[in-house]
Amino acid sequence: MRVFPDMPIRHKLRVAFLGTILGALLLACGAFVIYDVISFRRSLVNNLVVITDALGKISTATLRFAHETEAARADAEETLGALSFKPSVLACALYTEDGALFASYVKPGSTIPVPETPASDGSRFENKQLVVFRPVILNGKRIGTIHLRSTLDELNQHFESYVVISALVFSNVSLLAFALSAALRHLILHPILTLAEATRKITGQRDYSLRVPETTKDETGMLAHAFNQMLEGIQQRESALHSANEALRETEERLNFALNKSHTGGWELDLATHEVERTPEHDRIFGYETLRDRWTYAMFLNHVVPDDREDLDHRFQEAAANRSEWSFECRIRRTDGEERWIWGVAEYQTDEEDSHPSMAGIIQDITGRKLAEQEIRDLNTSLEQRVRERTAQLAAANQELEAFSYSVSHDLRAPLRAVDGFSRMVIEDYGGRLDEEGRRMLGVVRSETQRMGRLIDDLLSFSRLGRQAMQIEDIDMQAMAREVFDELVAQEPPDRKIRLELGPLPPARGTATMIRQVWVNVIGNAIKFTQGRDPAEIEIGTATGDSGEPVYYVKDNGAGFDMRFADKLFGVFQRLHSAEEFPGTGVGLALVQRIIHRHGGRIWAEGEVNRGATFHFTLPHPPS
Amino acid sequence: MNRELEILLVEDNPADAELTLRALRRHRLANRLTHVVDGQAALDFFFGPAAAARPDGTMPVLVLLDLKLPKVNGKEVLRQLRADPRTLGVPVIVLTSSSADQDVLETYHLGANSYIVKPVEFENFSEAVHQLGCDWLLLAGQPGAARPATAETPP
């Protein structure tokens, strides 16, 4: 029975308070009563002994003469009869020296007689009555014995009144204590009950912002304070936990969003049971509209096409054994029978005790990508095939061109040599027999055959350019332009006046012999087409192109050209001037354009008839 | 110089051959000139029965070699000449249609001593000979210079 420990505190307090007070009171009252009864009895005995002794004293005279007269007896009996004023005395007797009853008094109505002979001296309680025997002494000599019997009514009355008073005191004190306890209890209990109520509320509502009032500075006050501090701590932790949970939830939402939008399925495979937890997208990838009740590794393997199964399983076992990453690409047969490609990657995971190892990962349907890859592979294959075919065709064409060049340089030249040589032989051997006109005509034959020789030479060098190897190196464009200009001017008649303005030219990268050929042709043209200008003005400089690259230009004040024919400038054998005006084969600028194009650059020209021309070109290889 | 002068001209084009012969003859250098018209004939000249019939050590002092030849081309002839110790030292001048010809470079690698752009005129011939250090050829050929007492090849 755990009654007391389980009682509410207020009852405990009441029990303790009242119990203490009433217990103490009870004890005190009892002690008082017992003490009083004992002392009252003693005083009662003393009283009676005194009365007895007094009676004895009074009776000495009569007792001395007891043997002599009857009158003495009557006298003694009268003396004893005086005791009737004391109602508690039941009987009284006087005995002579030799122990004979001399005189007696018995309270009227009392049935108990006085004893015939005296008992031993002293006082004693017998049958709820006090019995006293005292010696009667005269001059130090015993002359008889006196006996008195009394009721204990006085004692009983005294005791009864005492009990009544005690009961009254007890009940009043109890009431007072009860009232006091109620007040004190409120004082002590209120803070505790408030605390209890607060805890009940907090437990019920989980509202950690509540606080307990701290009204006192005693232990309950300290308790309330400590409780509030604890609440503060809990509230802070609660709020931290809440925001952490919030952040976690947001992260999870984002993750889910990403997984859903990218059609990525998430899963976690328990390595002990091979049971798999998945997201709905995971099952959708396998063709299931809704999440299945259960999914296992074996079910997954069943979906994998047989050809891929063994390798996949092998790699999974390996990853699980090595606790490493497991990534795979395989074909699956969906529940609707369609074959799809999937890709997955997973990581080995375990808890601190290493009791729940698992593989957690994602999968994606990559059929689209696979198809695209296949398409690209096919395209690449056919492209490579076409490149091979084209390359072969190109190689064949090149070979033909080479054969053609060879043929041109050898076979075409042979008859020319013969025409030229034999014309000369005619002039040398038979010149004397020809008139002036005949010799002139033979001269024309010779000069034209020589011109054709030059045409063939130019054409050959043009066609060879395509086969010439590139050797990209740094070129000091300014020095090269200067050198070419000086060489070309040296071949001009000494009376020509040519003014050159050569701006600083940034360096370039290219095949030096080819770039030099560009300068030779472009500067050569400028010198050629400024014939008759006095002075001829040639400007070589650079500008900055659209993408920041340097644009070299050569500008002259010569014959210029009609912009309508600008597109013909760079064609082979295309000429905008007659051979009589300006000699040339029409190959030079075609050659220049070919060199610039081989370097990845551009060339273009501007001009106006009789107002000069400007040739621009770029070389995109920046200096190293 | 007591050696007999002998120049071997290997040239299939009759017009070119005539022009060459004319240029050399005008400088009286053609008196001991042998003209063959294909590569095989040129090789026979050095290694065939005719060569064996010649007195030992009488190699031509100079070969003028066209490259485009019937049967065996000029480069092959040159290669074989340079592969044989007997002909290893014979000076060879390559005849070419153009100085820009890729073949010229190749023939240098094969061991040609010089080249002349056709038509072979005396001026460029003398230049090539000068390069070879065979100036005595020219002195011998100068009109009025001392000449070996051999009969001039009939024109």
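Cut-off values and rules
Position labels on residues start from 1 in each chain and follow its written sequence. Labels follow written order: the first chain is A, the first ligand is 1, and so on. Under the rules for a predicted model, residues below a pLDDT of 70 receive no local features and side-chain atom pairs below 80 are neither given nor counted, while totals for whole chains, interfaces and linings still include all residues. Hydrogens and water molecules were not included; the side-chain quantities draw on all heavy atoms of the structure. Elements are defined by DSSP. Helices are runs of H or I of four residues or more, strands are runs of E of two residues or more, and each kind is numbered from the N terminus. Buried, partly exposed and exposed residues are distinguished by accessible area as a fraction of the type maximum, computed with a 1.4 Å probe on protein chains only: under 20%, between the cut-offs, and over 50%, respectively. Areas reported here follow the Shrake-Rupley algorithm with a probe of radius 1.4 Å; residue values treat only the protein chains shown as occluding. Between two residues, a contact is recorded if the distance between any of their heavy atoms is within 4.5 Å. Two strands make a pair as long as DSSP finds a minimum of two bridges between them. Working convention: axes come from line fits to C-alpha atoms, limited for helices to the stretch in contact. Angles between N-to-C directions cover 0 to 180 degrees. Every angle not falling under 35 degrees, over 145, or within 65 to 115 is termed oblique; those three ranges are roughly parallel, roughly antiparallel and roughly perpendicular. By convention the crossing between two helices is left-handed if the near helix lies anticlockwise of the far one by an angle smaller than a right angle, and right-handed if it lies clockwise. Note on residue categories: nonpolar means Ala, Val, Leu, Ile, Met, Phe, Trp, Tyr, Cys or Pro, charged means Asp, Glu, Lys or Arg, and polar means any other residue, Gly included. Helix span, as expected, comes to 1.5 Å for every residue beyond the first. Here a polar contact is recorded for every N or O atom pair within 3.5 Å, except that within protein the pair must consist of a potential hydrogen donor and a potential acceptor, and residues adjacent in sequence are included only if both atoms are side-chain atoms. Joining two parts hides part of their accessible area as seen by a 1.4 Å probe, and the buried area is that hidden amount summed over both. By convention in these notes, a salt bridge is any Lys or Arg side-chain nitrogen within 4 Å of a carboxyl oxygen on Asp or Glu. Side-chain rings of Phe, Tyr and Trp, where Trp is taken by its six-membered ring, are said to pair if the distance between their centres is within 6.5 Å; with planes under 30 degrees apart they count as stacked, over 60 as edge-to-face, and otherwise as tilted.

What to know about the overall build of chain A
In terms of helices and strands, chain A carries 13 helices and 17 strands. Expressed as a percentage of the 624 residues in chain A, the buried residues total 34%. Of the roughly 37,300 Å² that chain A leaves accessible, carbon and sulfur atoms contribute 56%.

Concerning the overall build of chain B
Summing up its helical and strand segments, chain B has seven helices and five strands in all. Secondary structure of chain B in N-to-C order comes out as β-α-β-α-α-β-α-β-α-β-α-α. Within the span of chain B, comprising 155 residues, buried residues form 50% of the whole. Of all intrachain contacts in chain B linking residues separated by at least 6 positions in sequence, the fraction that spans at least 24 positions is 65%. With the model as given, the accessible surface of chain B reaches about 7,500 Å², and the carbon-plus-sulfur share is 54%.

Description of the pairing of strand E16 (residues 603-607) of chain A
Residue and element names in this part refer to chain A. Burial along E16 is one-sided: the face carrying Ile 603, Ala 605 and Gly 607 is buried and the face carrying Trp 604 and Glu 606 is not. By the bridge criterion, five bridges tie E16 to strand E17 (residues 613-618) in an arrangement that is antiparallel. From the neighbouring strand, Ile 603 faces E17, where its bridge partner is Phe 617. Count of turn residues in the E16/E17 antiparallel hairpin: five residues, of which Asn 610 carries a positive phi of about 65°.

Considerations on the packing of helix H11 (residues 477-490) of chain A against helix H12 (residues 512-529) of chain A
Residues and elements named next belong to chain A. Following both chains from N to C, one finds H11 and H12 inclined at 50°, their axes separated by 9 Å at the closest point. If you check the angle between H11 and H12, you find them oblique. Considering how the two elements wind past one another, H11 and H12 form a crossing that is right-handed. Across the interface between the two elements, Met 477, Met 480, Ala 481, Glu 483, Val 484, Phe 485, Glu 487, Leu 488 and Val 489 of H11 pack against Ala 512, Ile 515, Arg 516, Trp 519, Val 520, Ile 523, Gly 524 and Ile 527 of H12. Class assignment of the residues belonging to the contact of H11 with H12 gives a composition of 13 nonpolar, one polar and three charged.

Comments concerning the sheet that holds strand E2 (residues 101-106) of chain A
Residue and element names in this part refer to chain A. If you walk across this open sheet you meet the five strands as E2-E1-E5-E4-E3, and the pairing is antiparallel. Lying at the two open borders of the sheet, with one neighbouring strand each, are E2 and strand E3 (122-126). If you compare each strand with its neighbour and ignore which way they point, the axes differ by 15° on average. With seven bridges connecting them, strand E1 (residues 89-96) and strand E5 (residues 141-151) associate as antiparallel partners. Note that in E5 the partner of Leu 94 across the bridge is Ile 146. Strand contacts of helix H3 (residues 70-81): E1, E2 and E5, with the helix running at about 30° to E2, the strand carrying the most contacts.

Some words on helix H1 (residues 14-26) of chain B
Between its terminal C-alpha atoms H1(B) stretches 18 Å, which fits the 18 Å expected from 13 residues at 1.5 Å a residue. Buried within H1(B) are the following residues: Ala15(B), Asp16(B), Ala17(B), Leu19(B), Thr20(B), Leu21(B), Arg22(B), Ala23(B) and Leu24(B). In the core, the buried residues of H1(B) are packed alongside helix H9 (367-430) of chain A together with strand E1 (7-10), strand E2 (33-36), strand E3 (62-66) and helix H6 (122-132) of chain B. Where H1(B) begins, one side-chain oxygen reaches toward the backbone nitrogen of Ala15(B), 2.9 Å away; that side chain belongs to Asn13(B). Following H1(B) by one or two positions, Arg28(B) adopts a phi angle in the positive range, close to 55°.

Some thoughts on the interface of chain B and chain A
Opposite the 16 residues of chain B that make contact, chain A presents 16 residues. In total, chain B and chain A occlude about 1,500 Å² of area from one another, counting both sides; carbon and sulfur atoms represent 48% of this. The largest share of the area that chain B buries against chain A comes from Arg22(B), Lys68(B) and Ser97(B), three residues that together contribute 35% of it. Run the count over chain B and chain A and you get four salt bridges. Its salt-bridge partner being Glu428(A), residue Arg26(B) comes within 3.5 Å of it at the nearest N-O pair. Where chain B packs against chain A, one counts three residue pairs in polar contact (both at pLDDT 80 or more).

Section: unusual backbone geometry
All names here are of chain A. In the segment running from Asp 534 into Pro 535, the intervening peptide bond is cis, with an omega of 0°. The residue Pro 535 is located in the loop between H12 and strand E14 (536-544) in this model. Although it is not a glycine, His 263 adopts a positive phi angle of roughly 50°. Counting through the fold element by element, His 263 comes out in the loop between helix H5 (219-261) and strand E6 (264-270).

Considerations on the environment of Asp218(A)
As for its placement among the helices and strands, Asp218(A) is situated in the loop between helix H4 (153-205) and H5. When its relative accessible area of 34% is taken as the criterion, Asp218(A) is described as partly exposed.

Concerning the sheet that holds strand E10 (residues 358-365) of chain A
All names here are of chain A. Overall, antiparallel pairing links the five strands, which are arranged E7-E6-E10-E9-E8 in an open sheet. Each edge of the open sheet carries a strand with a single partner, namely strand E7 (276-278) and strand E8 (326-333). When strand polarity is set aside, the average angle formed by the axes of neighbouring strands in this sheet is 25°. Pairing analysis gives eight bridges linking strand E9 (residues 339-349) to E10, with the strands arranged antiparallel. Within the sheet, the bridge partner assigned to Gly 344 lies in E10 and is Ile 363. On the sheet, helix H8 (residues 306-322) packs against E6, E8, E9 and E10 and is oriented at approximately 155° with respect to E8.

Describing the packing of aromatic side chains
Counted by the stated rule, this structure contains 17 aromatic pairs over all chains. Between Phe286(A) and Phe300(A), the ring centres sit 6.0 Å apart and the planes meet at 85°, which makes this aromatic pair edge-to-face. With a gap of 14 residues between them, Phe286(A) in the loop between helix H6 (280-285) and helix H7 (297-303) and Phe300(A) in helix H7 connect regions that are remote in the sequence. Taken as a pair, Phe286(A) and Phe300(A) share a single burial class, namely buried. Taken together, a centroid distance of 5.4 Å and an interplanar angle of 85° make the contact between Phe45(B) and Phe46(B) edge-to-face.

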